Each structure stands twice: as C-alpha cells, then as structure tokens.
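So the chains spell out like this:
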Amino acid sequence: MSGQDEHPTVPRDELVAQLAAALPAWLPTQRWFGGKDREITAVHPVSWTTLLEGDPLLLHLVVRVEQDDRRELYQLLIGSRQSQLPNVPAPASIGLEDGLTCYEASGDADLTSCLLDLMAEGAQVEALTFEHESGADLATGLRAHPITTEQSNTSLVYGSQYILKLFRKLVPGVNKDLVLHRALHEIGSEQIAEPLGSISAEVDGEEVTIGMLQRFMPDAADGWVMATTSVRDYLTDPTGLPPEESGGDFAGEAYRLGKAVATVHADLARALGTEEVGEDRLHSVLDSMLGRLERVSAQVPELAQHADALRPVFERILDAPVPIATQFIHGDLHLGQVLRTIHGWLLLDFEGEPAASHAERAALASPLRDVAGMLRSFDYAAQQLLVGQPEDPERAAGAMAWARRNRDAFCDGYGKVAGRDPRESADVLRALELDKAVYEVAYEHANRPEWLTVPLASIARIVTEGE
Ligand SMILES: Nc1ncnc2c1ncn2[C@@H]1O[C@H](COP(=O)(O)OP(=O)(O)O)[C@@H](O)[C@H]1O
Ligand SMILES: O=P(O)(O)O[C@H]1O[C@H](CO)[C@@H](O[C@H]2O[C@H](CO)[C@@H](O)[C@H](O)[C@H]2O)[C@H](O)[C@H]1O
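Reading the values: the criteria
- Residues numbered from 1 in each chain as written.
- Chains lettered and ligands numbered in written order.
- Predicted model: local features only at pLDDT ≥ 70, side-chain atom pairs only at ≥ 80, totals over all residues.
- Heavy atoms only, no water.
- Helix = DSSP H or I, 4+ residues; strand = E, 2+ residues; numbered from the N terminus.
- Rg over C-alpha atoms; globule rule 2.2 N^0.38 Å.
- Buried < 20%, exposed > 50% of the residue type's maximum accessible area, 1.4 Å probe, protein only.
- Contact = heavy atoms within 4.5 Å.
- Areas by Shrake-Rupley, 256 points an atom, 1.4 Å probe, with all protein chains shown as cover.
- Lys, Arg positive; Asp, Glu negative; His and termini not counted.
- Charge placed at Lys NZ, Arg CZ, Asp CG, Glu CD.
- Patch = residues over 30% accessible without salt bridge, like charges linked within 9 Å, V, L, I, M, F, W, Y side chains within 5 Å.
- Salt bridge = Lys/Arg side-chain N within 4 Å of Asp/Glu carboxyl O.
- Near = heavy atom within 4 Å.
- Polar contact = N/O pair within 3.5 Å; in protein donor to acceptor, adjacent residues only side chain to side chain.
- Nonpolar A, V, L, I, M, F, W, Y, C, P; charged D, E, K, R; others polar.
- Core = buried A, V, L, I, M, F, W, Y, C linked by side-chain atoms within 4.5 Å.
- Domains from an automatic or database assignment.
- Buried area = accessible area lost by both parts, 1.4 Å probe.

### Quick word on the overall build of the chain
Within the chain, the regular secondary structure consists of 13 helices and 18 strands. For 467 residues, the compact-globule formula gives about 23 Å, and the C-alpha radius of gyration of the chain, at 23 Å, lands near that figure. Along the first, second and third principal axes, the C-alpha atoms of the chain reach 65 × 55 × 50 Å. Each of the 467 residues in the chain was classed as buried or not, and the buried ones make up 53%. For the chain, long-range pairs separated by at least 24 residues make up 68% of all intrachain contacts whose partners lie at least 6 apart in sequence. Surface accessibility of the chain: about 19,900 Å² in total, with carbon and sulfur atoms responsible for 50%. Treating the 39 positive side-chain charges of the chain as one cloud and the 73 negative ones as another, the clouds have centres 5 Å apart.

Below is the structure:
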C-alpha cells in the first residue's frame, strides 16, 4: 500500500475504505464501467497514491471489483475539497457516510493539469511512474478538459496539443494500445496520432499501463459523425437520388479508409511480424465463436432464437485454406475509432474489445477481423437512423443501399493496398462479421439496450438472406 498521508480531516486509509464502500452503488452509473449487467459483490482498494496533498486533494486509486467469478482492476482519479465543490457534473459526485464529498476528478482542471506536468518531468510518485517518450518535449502548465464523446475510458485534452487517455479497466503489463502505437510510430506510420508519454502503476508487483498521452488532432473529424451525417443527408433527401448521386456521398472516404486500414495492417506485420497458423487454430477460433454465442444467448433470449442458424455459418471457417497468416491487428475497429485529418485517415485505440481478457488481446489474429468490424460499422451507421422509427420499407431499403455502397468502397480500397480483396474470403468474412454482431449484442445489452435491435436485425438478415 502507498500514500499513508493524512487528509485535512479524514485519515487516508479511512477515506479509501469509505470510498470502497460507496463504489458498488456508484460504479454502474459510469459510462466506462464495463460490468453494468452483473451485480458487484465487493470492491477492494488495491493501491492508492496521493498526487496533490491538502485541499484540494487528488488521490489515484486502483480497486479490484468482484462480480460473480470475475475480478477486474479499475482506476479512479478522486478529488476532494473541504471548501466549495468545483463545477463537476452531478454523476461524478461520490457521497461518503460522514457527509464528505469526494468526486471523480477527471472533470476538475485544477487537479488534472498535474498529470501532464509529471509526465514532462518524468516523475515517480510512490507507485506511479510518469514518462515522456524519448525525444518528446512536452509543454507544461496546460489545463485539461475531458472529451464528451462516448468512450470506454476517460480522455483529457490538454490545451489543443495533447490527449491523455486514462485506461479505466486495467490489464497487467504494458497496454496493447501503447505497444502498438510505439511500434507503428517507430516505423514512421502516418496513420496514427504520435504517442508522447505514458503513466504506469505497480499493482501487485506488476507494471500496469494506466495512461497514454498522444498528439491531439484539433482539426480532425470523427469517422462515425461523418458517416452518419452522410446517411442522414441521403435518407432525408427529398429528390430520392441513389447514394452515389446524393450530395453527402461517403464512398470516396470509405475507399480511402480501406486503404488506410490495409496500410496499418501491412505496417503492423512489418513492425511486429506474422505467424502462420494451421487447422488447429481454426478449431480454437470456432470454439471461441461458439462459446461466445452460447454465453450471449444465455443472457439475451432474442439472440438464442438465431443460434441454430448461426452455428453452421461459423463452422464454414473450417473450410478456409490453411496456413493462415495472423498478426497484431486493431481488434475493435469501427467508425468511432478513425479520424479524418487534412492529411488522411488515422486509426485510434488499438486496445481491442473492452471486454476482452488479457490473453485475448495479446493473441495474434487474421486482419480480416478488423475488416469485419468496419463492415459492421457501416451497417450500424445506416441502421441507427431507423432505431425507434415506425417501419418504413423504402427507408430501410435506402439504408441498405448506403451500407452496401460504402462496404464495397471500403473493400475496394483495402484490396488495392493489400493486393487481395477481402470479399474473396466471403465465408470467413461472413462468420467474423456475425461473431462481431454477437459481441455487439452483448455490448448493447449491457450499455445501450435501446440499440440492441441494430445487431439483432443484422444477424436475422444475414442468416436468412445471406447479406
Ligand atoms: N489524437 C486524437 N486527436 C483528436 N481526437 C482524438 C484523439 N484520440 C482520440 N480522440 C477522440 O477521443 C475519442 C475516444 O478515443 P479512444 O482512444 O477511442 O477512447 P476509448 O478507448 O475510451 O474508446 C475518439 O473517438 C476521438 O473522437
Ligand atoms: O468504446 P470503444 O470505442 O472501444 O468500443 C465499444 O463501444 C462502441 C460504441 O461506442 C461499440 O461499437 C458499436 O457501436 C458503434 C456505433 O456507436 C458502431 O460503429 C460499431 O460498429 C459497433 O460495434 C464497440 O463495439 C464497443 O467495443
């Protein structure tokens, strides 16, 4: 344990114990908490570090959250003030028994600016190590604000120069996001935001990455926002023009995005190597797809009704010609993970699926998984406008036409750089897309139940109509 200093009124270990007692009720209210669909049985403080002493107080806390048979580590940045509470959003507030208010401090710029300064300095504070990447000369004294987009972690933008991602669910070792960003940066990749620094903690004797600092792209547009704007313009165009003739056509961007993703795959293979796998691996991939299907079907009955139709589609992957080249991939690629800058597309967030285990994230995989993720995302972009709307076959057909055009453009661009069109592996791609859709059913069930119909409708359509 670290950080035994005293808070002005409450001894530090007592404060930490009180926080741990309040967290089972508070954690599920946070967007980034991944276990909202299961009861929390206990929260244990694992380590705590005082980053700012006195009033205000800034405490870094790592807790182990227990849910059924799961034990997961999360990090929290806790602020506390004896005087007036800062202007932080209400859900950030964590009320303690004796009336003391602590709060999730990522929205308090007076407290978070020290994180950048500590990285610039290369400081060690108890169990926390703050570093800048070699050659990075960081500005100091900048204030930060948290980004407001939907995310699984918490990101703070310093000035308009840097973005610091604080990983919420912690995995042992150096985070894959940081490892892959460093590897891509070293070989000069132009499709990533430059990594500039990191924060790590020692937890149970092991190094754990808790933060990654990158160059912030203030001029960038989010791929999801661009794509959904294009769908909306197309579906609400009173002239009824086809997508290729409508003003906001996205296919040129989808094509360039396909090229960018194939370039990143080639760079990852060059930087970190590939491994050829045989039939055994196909069997274990199939087992994991079937396992996920069983688990999610048990939670979401609407998926269970498709399970019999899904299994034979998954089994077709066994017909894929071996050996297959596997490598490091993005792991959770979708339109919200790509940014369009004036120079082209950038890929973000190489951490993999938020719910994946450490071993799953570390495993090499076929790049077709990322292609499947992005194809799912074009489907999502098209379908999200239909959520909660009365049935309208014409609009539904329009959404399908938009998705088809952009999926094809993406594959054309990918094939142009990779030298092989992903659609040539149609059976494997369909199985991977459906496996991703099963993941999305679990994700939406836990996080956005109103969107559950999006992946469910895709699964129903693909298994009945094949598209
Ligand atoms: N370097 C950057 N420049 C500009 N915006 C960024 C940058 N990195 C991330 N973002 C924005 O932050 C959002 C969340 O980042 P991401 O790394 O995907 O976090 P999470 O892992 O929590 O989903 C992105 O969708 C993007 O809008
Ligand atoms: O938080 P992450 O970006 O790491 O990813 C998780 O959240 C995503 C949603 O924010 C989720 O993506 C799903 O919804 C997207 C639209 O919001 C869509 O573009 C994706 O295709 C769909 O998978 C992602 O699955 C989840 O891991």
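### Digging into a negative patch on the surface
On the surface, Glu 131, Glu 202, Glu 206 and Glu 207 cluster together into a patch of negative charge. Looking at the element boundaries, Glu 131 is found in strand 7 (residues 128–132). Overall, Glu 131 belongs to the partly exposed group, its relative accessible area being 35%.

### Let's talk about the site of ligand 1
The environment of ligand 1 is made up of 17 residues, and the closest members are Gln 151, Asn 153, Lys 165, Arg 215 and Asp 349. Asp 222 has a polar side-chain atom sitting 3.4 Å from an oxygen atom of ligand 1. Contacts to ligand 1 include Asp 349, whose side-chain N or O atom sits 2.7 Å from an oxygen atom. In isolation ligand 1 offers 550 Å² of accessible surface; the protein chains occlude 91% of this area. In the shell around ligand 1, the residues fall into seven nonpolar, six polar and four charged.

### Description of the nonpolar core
Counting 65 residues, the largest nonpolar core has Leu 257, Leu 303, Phe 314, Leu 335, Phe 378 and Trp 402 as its most contacted members. Sort the elements by how many residues they give to this core and helix 12 (residues 426–447) lands first, with nine residues. When residues of this core are assigned to domains, at least three map to each of domain 2 (110–215) and domain 3 (221–465). When near neighbours in sequence (up to four residues on either side) are disregarded, Leu 335 contacts Asp 222, Gly 223, Trp 224, Ala 227, Phe 250, Leu 257, Met 374, Ser 377, Phe 378 and Ala 381. Core analysis: the second largest hydrophobic core is formed by 40 residues, Leu 77, Ala 105, Ala 144 and Leu 170 among them.

### Digging into the environment of Pro 243
Inspection of the secondary structure assignment puts Pro 243 in the loop between helix 4 (223–235) and helix 5 (251–272). Judged by relative accessible area, Pro 243 falls into the buried class, the value being 5%. Sequence separation between Pro 243 and Thr 112 is 131 residues, and the spatial gap between their C-alpha atoms is 45 Å. Apart from the residues within four sequence positions on either side, Pro 243 is in contact with Tyr 234, Asp 249, Ala 401, Trp 402 and Arg 405.

### Quick notes on the site of ligand 2
The local shell around ligand 2 holds 15 residues, among which Ser 152, Asp 332, Ser 377, Tyr 439 and Glu 440 are the closest. One of the side-chain N or O atoms of Glu 440 is found 2.7 Å from an oxygen atom in ligand 2. Contacts to ligand 2 include Arg 448, whose side-chain N or O atom sits 2.9 Å from an oxygen atom. Surface burial for ligand 2 is 93%, taken as the share of its 530 Å² of free accessible area covered by protein chains. Sorting elements by how many residues they give to the shell around ligand 2 places helix 12 first, with three residues. When grouped by side-chain class, the residues that make up the shell around ligand 2 number six nonpolar, four polar and five charged.

### Details of the domain arrangement of the chain
Split into domains, the chain comes out as domain 1 (12–106), domain 2 (110–215) and domain 3 (221–465). Taking the mean C-alpha position of each, domain 2 and domain 3 sit 28 Å from one another. Contact residues are listed per partner, giving 21 residues for domain 2 and 24 residues for domain 3. Three residues stand out in domain 2 for area buried against domain 3, namely Lys 176, Leu 180 and Gln 191, and they jointly supply 32% of the buried area on that side.

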